[in-house]
Amino acid sequence: MTDLSMPSDTPEPVEKTHNQWWDVWDQFRSHKGAMAGLIFLAFITLFCAIGPWLWDVDPGKLDIRNKDVRPIYVAIWDGEAKTSWARPMGTDHLGRDIMSNIMQGGRISLAVGWTAMILAILIGTFVGVISGYFKRLDWALMRFTDLVLSLPILPLLLVMMLLFRDPLRAAFGPETGIFILIVAGIGITSWMQTARIVRGDVMALKEREFVLAARSIGTPPRRMITRHILPNVLSPIMVSATLGLATAIITESALSFLGLGFPSDFPTWGKILFDSVDRMTAFPERVLWPGLAISLTVLAVNYIGDGLRDALDPRIRGL
Amino acid sequence: MLTYTIRRLLLSIPTLIFIAFVIFMLLELAPGDPMSQMPLTIPPEVKEKMRLALGLGEPWWVRFPLWLKQFFIVEPQYWIDSAFGTNFADGAQRIISFQSRSPVFDTIAERIPQTLWVVGMSYVVGVAIALPIGIISAYKQYSVFDQAGTFVSMIGFSVPPFFSGVLVIVIFSVNLGWLPSIYDTTHEVVDWDTFKFQMQQMIMPVMVLALQTTAQVSRYMRASMLDNLGQDYVRTARAKGMTESVVVMRHVLRNSMIPVVTVIALGIPSIFGGAIITEQVFKVNGLGQLLIIALQGSDIPMVMTITFLLAVLIVLMNLIADILYGVLDPRIRYD
Amino acid sequence: MKLKTALMGAVATALLAPMALADAHEGERGRDGEVKIIYWQAVSIMNPFLSGGTKDIEAASLVLEPLARYDETGMMVPYLATEIPTVGNGGVSADLTSITWSINPDVLWSDGSAVTARDVQFTYEYCTAEGGGCAQGAKFSNVESVEIVDDKTVTVNFTGPAPNPYQAFVGHESPILQAAQFADCLGPRAPECTDANFMPIGTGPFVVTDFRVNDVVQFEANENYRDPNKPAFASVTFKGGGDATAAGRSVMETGEFDYAWNMQLAPDVIASMAEGGMGVPVSAFGTLVERIEMNLTDPSASQPEGVRSTVAAPHPFLSDARVREALSISIDRDLLVEVGYGQAGRATCNLVPAPALYASENTACLTQDMDRANALLDEAGFMMGGDGVRVNADGVRLSVLYQTSTNAVRQDFQALIKEWWEAIGVETELRNIDAGVFFGGDPGSPDTFQRFYADVEMYANNFPGTDPQAYLGAYLCENIPSPDTQWQGENINRFCDPAYDALWAELAATADLAERGRIGIMLNDMMTKESNVIVPLVDRGRVSAHSTTLGGVILNTWDSELWNVADWYRTGDNR
């Protein structure tokens, strides 16, 4: 016979208020790839942001007498290679220090890459969600997307340069002016794919039962989009973001090849890579370092995106 | 669905005319002059006469309707004439390129074979490789296959073709001497040896291009599959006793295809105008190279015609993608 | 025994000797198979009169020939004509108003018909027809008429005395067209003759068999070519596209092609490709000079449109000759050559470096002299400011916008020159512009080299043939580009000196060669040594590459590079 005990008088310990975001962080941390990516991204950002203060060699300074210096690790297998501890990564054909060019180039490439990518994602997601959710606006927005997709990029960028280069240069100075111009140029020509993909997913999501349920309790469209639709289209947005970063960095180098990018005394990773392709067999390190910098940054962002997506998905978190 | 399709097709026509107008005005506004390719030793008066001979003396509201008329009326008349031996065109002037003074459509037709052989084939190969990679990567998430696939596709995507193309040329053409570095557009395939040579000259550009496509499509496939593999209906299907292959390939795959279909459909127009750098690196001389040469030389009729054809493809592909959404997910409604 | 051996040896030597002497120069036509040429700009059209582009004209030179052309030393040699007419042999009239050419009776068109004076007359009509937009119109600008004297003799009459009567029908830019083929193609009908434009009938060593626009042209040997043993090659594949590096690689590293045109690459890149041993770069000098042009007017954005970069607004500091000189002598031209061109370049201070007759003794600028540059700027009143930029008493800062076209070597030059100028206190901003925009004449674009919305700009220019009169005539007062002329005009520096105009008019009226040389040198010095309005940097030679198995190549900068393709042959055992 069990004794029906009375509820005890000692109060139950109250559970601490649980911050959802700590859970997300915990889940993120358990994703090894994402953590590696985060550490690398932090490293490369610090390398490029703070590096120039610690390693204060002027990236633009020419030094013809010390041109074509090889990086120091080449001395390991080639005793007679021209190397110098003062130039750990070597110098280019005009004697400019490669390491400071990678740092300076990284500042510009990362800044352009992130800003252009965020701009493209914002525009693309906005157009995609509005178009997928509101049927009345769908046709017009999608035809506008078709229009922008059809425009040839080179004349479009030439027209933008023609119209905006001088006013921007006068208002913000040469470097910032051209930075804004390039970021805008890349941003407004790369949002279309994201918009179409997001729209497709939104159209599919809209017909799901939970959306129907939310609508039946009177959820206004604004909250519907932010609380229900957006979190579920995060996957393709993350992929777009990763691919968008790589595309932005590489497009910037293609632009400078056409004379539409930064002036030639502003190094960027893509430009260093492009300029070094001609001498690739003799000096492979000049393509290796910028190429590796771009690839590993993209890889890191990709893993972070993977980790974020897993962390934000409540099903994986085990709830 | 049928009424929707017909309505979209009919509405495409004014859309395309509007797009053609915007492209034309953009080209008008853009700086650049067909005479920039002429040597500086030609005096300005001669250059001016050359411009007039090209028809640039007329204002834009004369030239744009002229182009429209030539594109929609005169050119089809020529095609019908050459196919059936009639004489509808009766000597009307076709769209003439500034650089070569020859009909634009003849040049475009010349380029189609190598464009389809190289760029088209690379697209097919890229998609064919990407889909299984995406599916398996999602199914075995975080396995060695997944990590390797991610690594290779990210490196492949972030390495630009002006570098990867030159790298493979240096390795396979210069150092090993296995493959030719310059594409021979006049090569005709008549027997096994010529076919082998065609494969040899195609393999490098196809691989370089396919890597870009594979990276994109496989990432979207994987992400979409991961979203769907965690859904409740998958658990239900397994509980019902269905085999893994049926669960994954019949249920999950179909629901994951929407973003993938978008990317594939959007990528098809890029076959015809997007592989500019790779075409230049390997001298494939397809439509991408034609477009960039025309752009750099400000050859307006050529640029206008090619970009308009691309616009038609884009509008068409988007329509097909939208129809496919409806097929893949019957809940999506347009009407 | 010894005698027998000796006899055998003698017989063997006698048999071998002719084989050793028999070189690949001689032999029947078409014995060496195919030759492959690659130009990194693809051919668009085979008619030099409808396109001024070098690639088109040089491809056409395989088929079309002029009455006479220039060889590699700049001397004229007759091609379709029997000899070069001069005043001495009576070919040129004593008052210089007409020139009479005799056509070689052995020359046939590739379809077997004879070349007649009518063809020459027709070519003149073709290029001067209204609405034709002939790219070589300048060559016929002083021609009044072309008369047929008889079947093989033609006389060209000029509007006035022409000291240089060898412009029309001389050189690769003005070959003879077949009247029969182009009969229906005059004036506005020129573009309609696509077959004629793509496959012209000519007298050259090859005929076109297949033409793909902006891609590849295929030729085969001309059956009716005047020398029965030439060309040694039976067919030519002329591919276009890609860039200079890939073209050089295909000749010097993979051996897929035999000849690559215009290797505009840095010297170390060319040298490393040549190490493979499959091909050699060849270079020759002509009249191409890379130079910096000074803007004598104010391009600043603070000037209103319509005044900006016009003579109404003189430049705040470049109007001062001392500043210009300082900018010129702070440049180390030898280093520029070493970095950018290697053997294919020579430092120069002359606008007209060749022919020798017109080349001035002008070497003062070749030595970099930073001390003198600093002294000149001090003298001009510009003192070094706290930020390293010179400024004068009125607050005018020495700040220069330096523009050029997009090109790796030019960007290297910009980097080097910027360093030197900043060392003397001149702040320099660099800009590079797409070549299609920079060299186009679009009146609406602010980036064309004529509009010159910058303080200095750098590019290269040359003149065809051996006479610089038209070239030096660019700097007359009447040729200044302005909003009234739609920004067309060759006097981009906005230089105006009545003494220069008068001297040039004297040149135009002088026939004696030595006199012409003297005046030409004076004009050159006025623009360079005395005023530094034009700052020449490098006398750029042409560099091309050919396979080590290709013989007979003589690089010619005065005419088409392919001028002697009939004489090319395959060397060594790969026949």
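Please refer to the structure placed before this passage.
We now turn to the structure provided with this report. (Residues numbered from 1 in each chain as written. Chains lettered and ligands numbered in written order. Predicted model: local features only at pLDDT ≥ 70, side-chain atom pairs only at ≥ 80, totals over all residues.)

Things to note about the interface of chain B and chain A
Thought 1: Counting from both sides, the interface comprises 46 residues of chain B and, opposite them, 42 residues of chain A.
Thought 2: Every element with two or more residues in the side of chain B that touches chain A is listed here: α1 (2–29), α5 (144–158), α6 (161–175), α7 (192–229), α9 (244–273) and α12 (300–328) of chain B.
Thought 3: In terms of residue count, α12(B) provides more of the side of chain B that touches chain A than any other element does, 8 residues in total.
Thought 4: In terms of residue class, the side of chain B that touches chain A is made up of 32 nonpolar, 10 polar and 4 charged. (Contact = placed C-beta atoms within 7 Å. Helix = DSSP H or I, 4+ residues; strand = E, 2+ residues; numbered from the N terminus. Nonpolar A, V, L, I, M, F, W, Y, C, P; charged D, E, K, R; others polar.)

Concerning the pairing of strand β8 (residues 216–221) of chain C
All names here are of chain C.
Thought 1: One ladder, built from 6 bridges, connects strand β7 (residues 206–212) with β8; its direction is antiparallel. Looking at the pairing, arginine 212 lines up with valine 216 of β8.
Thought 2: Following β7, the chain reverses through 3 residues before pairing antiparallel with β8; asparagine 214 in that reversal takes a positive phi of roughly 55 degrees.
Thought 3: Two strands pair when backbone bridges link them, and β8 and strand β9 (residues 235–240) are joined in this way by 5 bridges, in the antiparallel orientation. By the bridge assignment, glutamate 220 is partnered in β9 with serine 235. (Pairing = 2+ DSSP bridges.)

With respect to the interface of chain C and chain B
Thought 1: Taken residue by residue, the interface counts 51 residues in chain C and 45 residues in chain B.
Thought 2: Of all the elements in the fold, those that place two or more residues in the side of chain C that touches chain B are α5 (194–198), β7, β8, α6 (244–252) and α12 (435–438) of chain C.
Thought 3: When grouped by side-chain class, the residues that make up the side of chain C that touches chain B number 16 nonpolar, 24 polar and 11 charged.

Some details on the nonpolar core
Thought 1: Counting residues in each nonpolar core, the largest one holds 301 residues, and the members touching the most others are B:Val303 and C:Ala260.
Thought 2: Counting residues per element, this core draws most heavily on α7(B), which supplies 13 residues.
Thought 3: Summarising the domain contributions, this core has at least three residues from each of domain 1 (17–84) and domain 2 (107–328) of chain B.
Thought 4: Every residue in contact with B:Val303, bar those within four places of it in the chain, is listed here: A:Pro152, B:Leu27, B:Leu291, B:Ala294 and B:Leu295. (Core = buried A, V, L, I, M, F, W, Y, C linked by C-beta atoms within 7 Å. Buried ≥ 20, exposed ≤ 12 C-beta atoms within 10 Å, placed from the backbone. Domains from an automatic or database assignment.)

Considering the environment of B:Leu27
Thought 1: Mapped onto the elements of the fold, B:Leu27 is located in helix α1.
Thought 2: Note: C-alpha distance between B:Leu27 and B:Asp299 (272 residues apart in sequence) is 9.9 Å.

Digging into the sheet that holds strand β5 (residues 143–150) of chain C
Residue and element names in this part refer to chain C.
Thought 1: If you trace the 3 strands from one edge of the open sheet to the other, you get β4-β6-β5, paired in antiparallel fashion. Both outer strands of the open sheet, β4 (98–102) and β5, are each paired with one neighbouring strand and no more. Each strand of the sheet is rotated relative to its neighbour by a mean of 20 degrees, with strand direction disregarded.
Thought 2: Here 6 bridges tie β5 to strand β6 (residues 153–158), and the two strands are oriented antiparallel to one another. Note on β6: the bridge partner recorded for serine 145 is asparagine 157. (Axes fitted to C-alpha atoms, helices over the stretch in contact; angles between N-to-C directions.)

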